[in-house]
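# Structure at a glance
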Amino acid sequence: MTEFVDQIRLRVTDALIDLSQARAAGDDYRVQVHIGELESFARLAEENGVRVPELEPFRAA
């Protein structure tokens, strides 16, 4: 499961960078796309018992 966890963390980091860039550019569409991506990663991590603190804001209530 280590490779799985490493890949989730890497992809989350990339998505957070992309989200930050989209926000800085004022690109609302890209912001929503990256938020959706991060919400999906949050669900995937939760379903597999992987804790990724950076995903806390994107977890479903």
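Residues numbered from 1 in each chain as written. Predicted model: local features only at pLDDT ≥ 70, side-chain atom pairs only at ≥ 80, totals over all residues. Heavy atoms only, no water.

## Quick word on the pattern of salt bridges
What counts, and what does not: The rule for a salt bridge is simple: a side-chain nitrogen of Lys or Arg has to be within 4 Å of a carboxyl oxygen of Asp or Glu. Helical segments are the DSSP runs of H or I of at least four residues, strand segments are the runs of E of at least two, and each set is numbered from the N terminus. When accessible area is computed with a 1.4 Å probe and restricted to protein chains, residues below 20% of their type maximum are described as buried, those above 50% as exposed, and intermediate ones as partly exposed.
Applying the stated criterion across every chain yields a total of three salt bridges. One salt bridge connects glutamate 46 with arginine 59, and the closest N-O pair in it is separated by 3.3 Å. Here glutamate 46 is found in helix H2 (residues 28-47), whereas its partner arginine 59 is found in the segment after H2, with 13 residues between them in sequence. Looking at arginine 59, the relative accessible area reads 38%, which means it is partly exposed.

## Describing the nonpolar core
Spelled out, the test is: By convention a nonpolar core is built from buried Ala, Val, Leu, Ile, Met, Phe, Trp, Tyr and Cys residues, the set being connected through side-chain atoms within 4.5 Å. In this description, contact between two residues means that some pair of their heavy atoms is separated by no more than 4.5 Å.
Val12, Leu19, Leu38, Phe41, Val52, Leu55 and Phe58 are the most contacted members of the largest nonpolar core, which totals 16 residues. If we skip the residues at most four places from it in the chain, phenylalanine 58 touches Leu16, Leu19, Ile35, Leu38, Glu39 and Ala42.

## Remarks on helix H1 (residues 2-25)
Structurally, the α-helix is built with 3.6 residues per turn, so residues lying three or four positions apart point the same way. Let me state the cut-off plainly: Multiply 1.5 Å by the residue count of a helix minus one, and that product is the helix's expected span.
Helix length check: H1 (24 residues) gives 35 Å between terminal C-alpha atoms against 34 Å at 1.5 Å per residue, within 8%. Buried within H1 we find Val5, Ile8, Val12, Ala15, Leu19 and Ala22. The inward-facing, buried residues of H1 abut H2. Just past H1, the residue glycine 26 takes up positive phi, approximately 70 degrees.

## Focus on H2
Quick note on the threshold: Along the arc lie the directions from the helix axis toward the C-beta atoms.
Its 20 residues give H2 an end-to-end C-alpha distance of 29 Å, which sits within 8% of 28 Å, the value for a rise of 1.5 Å per residue. Buried residues of H2: Val31, His34, Ile35, Leu38, Phe41, Ala42 and Ala45, and no others. The buried residues of H2 occupy an angular sector of 120 degrees when the element is viewed end-on, so they sit on one face. Facing away from the buried side of H2 by more than 90 degrees, the exposed set consists of Tyr29, Gln32 and Glu47. Immediately downstream of H2, the backbone of glycine 49 shows phi near 65 degrees, a positive value.

## Comments concerning the packing of H1 against H2
Applicable threshold: All axes here are fitted lines through C-alpha atoms, helices being fitted over the stretch that makes contact, and every angle between N-to-C directions spans 0 to 180 degrees. These descriptions rest on fixed angle ranges, namely under 35 degrees for roughly parallel, over 145 for roughly antiparallel, 65 to 115 for roughly perpendicular, and the rest for oblique. The crossing is said to be left-handed when, going from far helix to near helix, the turn is anticlockwise and less than a right angle, and right-handed when the turn is clockwise. When residues are sorted by character, Ala, Val, Leu, Ile, Met, Phe, Trp, Tyr, Cys and Pro go into the nonpolar class, Asp, Glu, Lys and Arg into the charged class, and all the rest, Gly among them, into the polar class.
Between H1 and H2, the least distance of the axes is 9 Å, while the angle of their chain directions is 160 degrees. Considering the angle they form, H1 stands roughly antiparallel to H2. The two elements H1 and H2 cross, and the hand of that crossing is left-handed. Of H2, the residues touching H1 (which contributes Phe4, Ile8, Arg11, Val12, Ala15, Leu16, Asp18, Leu19, Gln21, Ala22 and Arg23) are Arg30, Val31, His34, Ile35, Glu37, Leu38, Phe41, Leu44 and Ala45. Per-class residue counts for the contact of H1 with H2 are 13 nonpolar, two polar and five charged.

Any link to function would need more than the numbers given here.
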